[in-house]
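Chains, contacts and geometry: an overview
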Amino acid sequence: MNHTNKCTAKFFSLYACTALMLLLTVCKTGSGFSYSKFHISLTADTLPLVATKNKARLADTTKVPGGDTSVVPKTDTFNFKIAKGALDVAVDYHADDSMVMSVPGKNIILYGKKSTVNYDNNNLEAPHIEYNQSTNLVKAHLTKDSMGKVVSYVNFNQADMKTQSDSITFDMKTGKGITKGTYTVQGEMYVYAEKIKRVNQSVFYARHGRFTTCNLDTPHFAFVSDKIKFINKKMAFTGPVHPEFEGVPVPIILPFGIYPLTQGRHSGLIMPSFTANDQMGLALEGLGYYKILSDNWDVILRGTLYSYGGWTASLAPRYMKRYRYSGNIGLDVQRFKTNFKGDPDFSSSQTFNFRWTHSMDTKSRPGVTFTANVNAGSTKFNEQVPNNPRLNFQNQLNSSINYAKVWKDRPYNVSIGANHSQNSVTRNIEVKLPDVVFNLNTIYPFRKKESAGTPKWYENLGIALNTNAKSLTSFYDADTTLGSIPDQIRENLQWGATHNVPITLSLPQLGPVQIAPSVSYSERWFQQKSRYSWNGLLNKFDTTVTKGFYTAREMSFGLSASTRIFGMFTFNKGRVKQIRHEVRPYLSISYRPDMNGKYFYTVQNDVSGRTGRYTVFDRSVYGAYGEGRFGGMSFGIDNNVSMKVKDKKDTAAALKKVNLLDGLSITSSYNFLRDSFKLEPINVSARSNLFEKINITASALFDPYQTDSIGDRIDKLVWKKRPLSLGRMMSAQVSLQASFKGGGKSAADNQQDQQMRDPDNYNNTGMPLDEYQQELAYISNNPGEFVDFSIPWDISFGYSFRYNKVRNFNFLGFSNTINQDVNWNSSANLSPKWKIGVNGFYNITEKELGTISMYLSREMHCWQMAINISPVGRYKFFNLTISPKSGLLRDIKVNRTRYFVDQ
């Protein structure tokens, strides 16, 4: 019966009744067609009424006559005999255009661009679908228009597998089928085969197939094999396989192929790359193995072999327990032989580096945190890491381990830490262990537990306690003249503690002025006293150290006042509508008695008889308090200038706030009790972020007193000679950072790109901590492979200026030292497919060009080409890489790398 035929209502109804009877007969024999599905399409004019009557009649048989509860009701049931080969669930189908049904042949044909058949988790969409009930086979094929253009393909989805084919034959009962001209996707892999045979939901075989990571119908490259077996999202196996580019076969044939398709982590080899180094020879770099030890542990083992006999090895285990903790451990060993044995420049060295990071989920143990970030090793390790100029010039290693505990509903907390710092230039290693901090938060002893109304002024009196105790030692790892390392550790061991008790009182605001009195008590514990003396015979300092337990104390009393003053300028014309100036002055008076003058003494400094003041607590852990009384005032003023402008394009939009000056502050203090030099140096600082593009920070220190002919200060203010001057500039710093780009990328995208290229976000040795950090390291070291062609150009640069006035060695006058340097990072599109970038550093003071790196990238759709070059500096290298973009085929690449080191 064809729905498009025009028949009389009487004939149609008669035919429909006949079809309905046949359908009921089929359903009773166990046909897979769903009655509820079928009648909607064919017999909507009669079937609902019959179904309603039948349901009503069945419902009447369950009623008990007269409401007699002794009578047990009986429910009518139907007994069906399931036909052999019947389907388990109903078939849902839809025809976009029309449907042809052959009752005797038990056959249905669906027509329409998006006709569908749904059975269990199988979904078929095609322009022509034929279903045969006797065989449970579904057949579908594509259709073409009169011009030979394909109208619609056959799309079939089963579980996790989706295919697009020219034709399909599918057994709905067994789940097996054969497709022709089929495309499917397995993870990142695009697969095409002339014929595919599916044996179950997870395994299928392909005949005359190709697979690639290129998503074009005619891919730029592919691997071709006559026989392929796929285990869905697990593995792929092939017989003899060869690559082809642009449809041209390459005469490189492998006897078989095994391709992992597993999503997530799985054990396997890490492919190496071939490099060359003038000092170490040819290298097989990065060969390794990744092993999953358990659900919570895995490990990466990597190594590099050099033709001159050097090698490196890395062991990097990782661990993680969900919602509890995670961490990484890394151990690197380098053994290098530079040049040939017997060569005058031949040398060998062995270095190591150990890393450990650990973090815990704060929700696993509320109130408790434990973190670790350890980076320690040989002082020459960073210097010898190839192809990493930033790490080669990094001469500082730091470590920290910290445990902290906060008690719930208690005002106190404690933290225990250990720290390590190591300088690879001086070869000095300093260790702090332990470092204990105990804090008692501010408590208000005069407050009632249950207060009502406004508290009294004395109830706002608060007291707190901050205690810090630590021990430290240091040693040189290669200086035998100072003794062995254990002897140095024992000799240099020091400890100390400091306690601070701040007492505060928060008073109500007096009009626009906020008043805050304060009292502070501080105490320090020392392990030793040291006293200097001038040795006239040898013309040098002699130091005497006395071990013991010593204390020093200090108290101060103060009263501060602060306020805020606003000024506003409004404009009726132009885009600028308002300019606001905010002034924040503050003034505080304080008194500090001289409780530590007894610990200071005067000693001759040089042969000329000059003297200096020193304290017996020099070289201590926390340092000594200052001598003398202080009774004076501290003052300062800070300024902020901003404006509101109207949007250029949208005049109805809200006014936009633009900061012109984030801060301009001037601070100093005056000691009334000092007999001379009562005014302290003046600090000036400024900061601004102009147009959210240019960030400027500046600071300077001015001495308000004059000097004599040899540069010593005299108790005369400079304003007597120069009334418009702030004083003698002793130091100044200016830093400028700016970034500009073309295109329309959002600020959030720029921040993400900057984060990805920030080398502080990953472990600099290149050995992976986790998959994300490993990717960040690869991106930073190979920027040419990860460029954004949507940005036509971009440039960011930084400028730094530093000025210092330094006393000459002969104490006669001062010398001015100026240091300037600039760094930049830029890129530009040469064409829609070519991009060039340059990064560099230049020391203006020394007129010396630092590290320069350049890259050139070529966009090739599914492939990429990148050239990375560092032609200037002690460490030079170049790298040429041509590889697929897909991470699955990253190891299939053409790579040429050379390193050069200036001795």
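As shown above, the structure is provided for reference.
Here's what I pulled together on the structure shown here. (Residues numbered from 1 in each chain as written. Predicted model: local features only at pLDDT ≥ 70, side-chain atom pairs only at ≥ 80, totals over all residues. Heavy atoms only, no water.)

Along the backbone of the protein there are seven helices and 51 strands. Looking at the protein residue by residue over its 903 residues, the buried ones come to 34%. Taking all contacts inside the protein whose residues are at least 6 apart in sequence as the whole, residues at least 24 apart take part in 49%. Working note: accessible area of the protein is about 52500 Å², and carbon and sulfur atoms make up 58% of it. (Helix = DSSP H or I, 4+ residues; strand = E, 2+ residues; numbered from the N terminus. Buried < 20%, exposed > 50% of the residue type's maximum accessible area, 1.4 Å probe, protein only. Contact = heavy atoms within 4.5 Å. Areas by Shrake-Rupley, 256 points an atom, 1.4 Å probe, with all protein chains shown as cover.)

By size, the foremost hydrophobic cluster in this structure holds 20 residues, and its most contacted members are A206, F211, F221, F223 and F230. Elements supplying a minimum of two residues to this core: strand 12 (189-198), strand 13 (203-212) and strand 14 (221-231). If we ignore the near neighbours within four places in the chain, the residues touching F223 are G209, R210, F211, V241, H242, P243, L889 and I892. The next biggest cluster of nonpolar side chains, apart from the first, holds 18 residues, and it includes M99, L110, A140 and I168. (Core = buried A, V, L, I, M, F, W, Y, C linked by side-chain atoms within 4.5 Å.)

With that out of the way, let us pick up unusual backbone geometry. Along the chain, L433 connects to P434 via a cis peptide bond; the corresponding omega equals -10 degrees. Residue placement: P434 occurs in strand 29 (residues 428-443). A positive phi angle, close to 50 degrees, is found at H208, a residue other than glycine. Within the fold, H208 resides in strand 13. Relative accessible area serves as the criterion here: at 33%, H208 is assigned to the partly exposed category. With a phi angle near 60 degrees, H861 is a residue other than glycine that sits in the positive phi range. Along the chain, H861 falls in the loop between strand 48 (848-860) and strand 49 (863-872). Under the relative-accessibility criterion, H861 is labelled partly exposed at 31%.

Taken as a whole, this structure holds 20 salt bridges when the rule is applied. Among the ionic pairs, D712 bridges to R610, the shortest N-O distance being 3.6 Å. Here D712, found in the loop between strand 42 (705-707) and strand 43 (713-717), pairs with R610, found in the loop between strand 36 (600-604) and strand 37 (611-615); they are 102 residues apart in sequence, far enough to count as distant. What makes D712 partly exposed here is its relative accessible area of 22%. Among the residues examined, R610 registers a relative accessible area of 26% and is labelled partly exposed. Here the salt bridges share partners, and the residues they tie into one network are R564, R580, E582, R584, D638 and R687. (Salt bridge = Lys/Arg side-chain N within 4 Å of Asp/Glu carboxyl O.)

For the rest of this paragraph, the subject is the side chain of T275. Along the chain, T275 turns up in strand 20 (residues 273-277). The contact partners of T275, leaving out residues within four places of it in the chain, are G281, L282, A283, E285, N895, T897 and Y899.

Bringing a nonpolar patch on the surface into the picture now. A cluster of nonpolar side chains, namely L301, L315, L331, F352 and F354, defines an oily patch on the protein surface of about 430 Å² accessible area. Among the secondary structure elements, F354 is positioned in strand 25 (residues 347-360). Classification of F354 by relative accessible area gives partly exposed; the value is 33%. (Patch = residues over 30% accessible without salt bridge, like charges linked within 9 Å, V, L, I, M, F, W, Y side chains within 5 Å.)

Right, let's talk about the state of the cysteines for a bit. Disulfide: a covalent bond connecting the sulfur atoms of a pair of cysteines. Enumeration according to the criterion identifies zero disulfides in this entry. Considering cysteine sulfurs only, C862 is the nearest to C214, which forms no disulfide, with 3.5 Å between them. (Disulfide = S-S within 2.5 Å.)

In this sheet, strand 32 (residues 514-535) lies alongside strand 31 (residues 494-505) in antiparallel orientation, the contact comprising eight bridges. Note on strand 32: the bridge partner recorded for A497 is W525. Hairpin remark: strand 32 followed by strand 33 (residues 540-562), antiparallel, with four residues in the connecting loop; positive phi at N539, about 50 degrees. (Pairing = 2+ DSSP bridges.)

Further remarks concern the packing of aromatic side chains. Taken as a whole and judged by the stated rule, the model has 25 aromatic pairs. Their ring planes at 75 degrees and their centres at 6.2 Å tell us that F541 and Y614 sit as a pair that is edge-to-face. Taken together, the residues F541 in strand 33 and Y614 in strand 37 connect sequence positions 73 residues apart. Members of the aromatic cluster, connected to one another through ring pairs, are F211, F221, F223, F245 and W863. Directly above the ring of Y601 sits R531, whose terminal nitrogen or CZ lies 4.4 Å from the centroid. (Phe/Tyr/Trp six-rings, centres within 6.5 Å; stacked < 30°, edge-to-face > 60°. Lys NZ or Arg CZ within 6 Å of the ring centre and 35° of its normal.)

Next up on the list: the environment of L690. Along the polypeptide, L690 turns up in strand 40 (residues 682-690). Given the relative accessible area of 25%, L690 is considered partly exposed. Along the primary structure L690 and D662 are separated by 28 residues, whereas in three dimensions their C-alpha atoms are 9.3 Å apart. Discounting residues that sit within four places of it in the chain, L690 has contacts with L660 and I696.

Sheet faces and side chains relate simply in a regular strand, where the side chains alternate between the two faces. Counted residue by residue, strand 13 has seven buried out of ten residues, so it is predominantly covered. Hairpin connection, strand 12 to strand 13: the antiparallel pair is bridged by four residues. Bridge count between strand 13 and strand 14: eight bridges; the pairing is antiparallel. When the bridges of strand 14 are listed, A206 appears paired with I228.

This part takes up the environment of T238. Tracing the chain through its elements places T238 in strand 15 (residues 235-238). Owing to a relative accessible area of 8%, T238 belongs among the buried residues under this scheme. Separated by 16 residues in sequence, T238 and L254 place their C-alpha atoms 9.7 Å apart. The contact partners of T238, leaving out residues within four places of it in the chain, are F211, S225, K227, I228, F256, G257 and Y259.

Here G310 lies in the loop between strand 22 (297-306) and strand 23 (311-321). Linking G310 and K337, residues 27 residues apart in sequence, is a C-alpha distance of 5.1 Å. Once residues lying within four places of it in the same chain are set aside, the contact partners of G310 are T304, L305, R335, F336 and K337.

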